Amino acid sequence: MIRPRPPRTPGRHRSGLPYAPVHRRVWDGPARAEAELLERSCTAWVVLYSLGNRRFYAIATWPAPGPVIVEGTTAEGVRERMRDVEAARPPERRAA
């Protein structure tokens, strides 16, 4: 038989308590800032930092037959891979 839980004292969010500020934690702030800086400097890419995997991901924004994604553990490594992909990319055809 399942018994109901005994009542417990509620936490800091119970009614009647004054507002208590909670410290906002920024996980991997420097790495996220590096990803944002890299994205600003490379306009043909969307750059993300994964908190769960602790990796950088870059997704190309140009038209391609399939998704163009590079990844790495450092921003510098991802930048190198981005340059390699851009160098191997065929030149764009412009409509006449």
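Please refer to the structure higher up on the page.
What you see is a predicted model, and the numbers here were worked out from it, not measured in a lab.

Can you walk me through the pattern of salt bridges in this structure?
A side chain of one charge can pair with a side chain of the opposite charge when the charged atoms of the two come close. Scanning the entire structure with this criterion turns up four salt bridges. D28 is paired through a salt bridge with R54; the nearest N and O atoms lie 2.6 Å apart. Separated by 26 residues along the polypeptide, D28 in the segment before α1 (29-41) and R54 in the loop between β1 (45-50) and β2 (55-60) bring together distant segments of the chain. Classification of D28 by relative accessible area gives partly exposed; the value is 22%. Its relative accessible area of 47% is what places R54 among the partly exposed residues. A salt bridge links R83 to E86, with the nearest nitrogen and oxygen atoms 2.9 Å apart. You can see R83 and its partner E86 sitting in helix α2 (residues 75-88), three residues apart, about one turn around the helix.

Just to check I follow, could you spell out the side chain of S50 for this structure?
Structurally, the position occupied by S50 is in strand β1. Of the residues examined, S50 reaches a relative accessible area of 17% and is grouped as buried.

How should I be thinking about the pairing of β1 in this particular structure?
Two faces make up the sheet, and in a regular strand the side chains alternate between them. Relative to β2, β1 is paired through six bridges, and the arrangement is antiparallel. By the bridge assignment, W45 is partnered in β2 with A60. Between β1 and the antiparallel strand that follows it, β2, lie four residues; R54 among them carries a positive phi value of about 55°.

Conventions and cut-offs
- Residue numbering note: each chain is counted from 1, following its sequence as written.
- pLDDT decides what is reported in this predicted model: residues at 70 or higher carry local features, side-chain atom pairs at 80 or more are listed and counted, and totals for whole chains, interfaces and linings draw on all residues regardless.
- Computation of side-chain values: all heavy atoms of the structure, hydrogens and water removed.
- Each salt bridge in this description consists of a side-chain nitrogen of Lys or Arg and a carboxyl oxygen of Asp or Glu lying within 4 Å of one another.
- For the purposes of this entry, the term helix denotes a DSSP run of H or I that reaches at least four residues, the term strand denotes a run of E that reaches at least two, and both are numbered from the N terminus.
- When a residue's accessible area, from a 1.4 Å probe over protein chains only, is under 20% of the maximum for its type it is buried; when over 50% it is exposed; and in between it is partly exposed.
- Strand pairing is assigned whenever DSSP detects at least two bridges linking the two strands.

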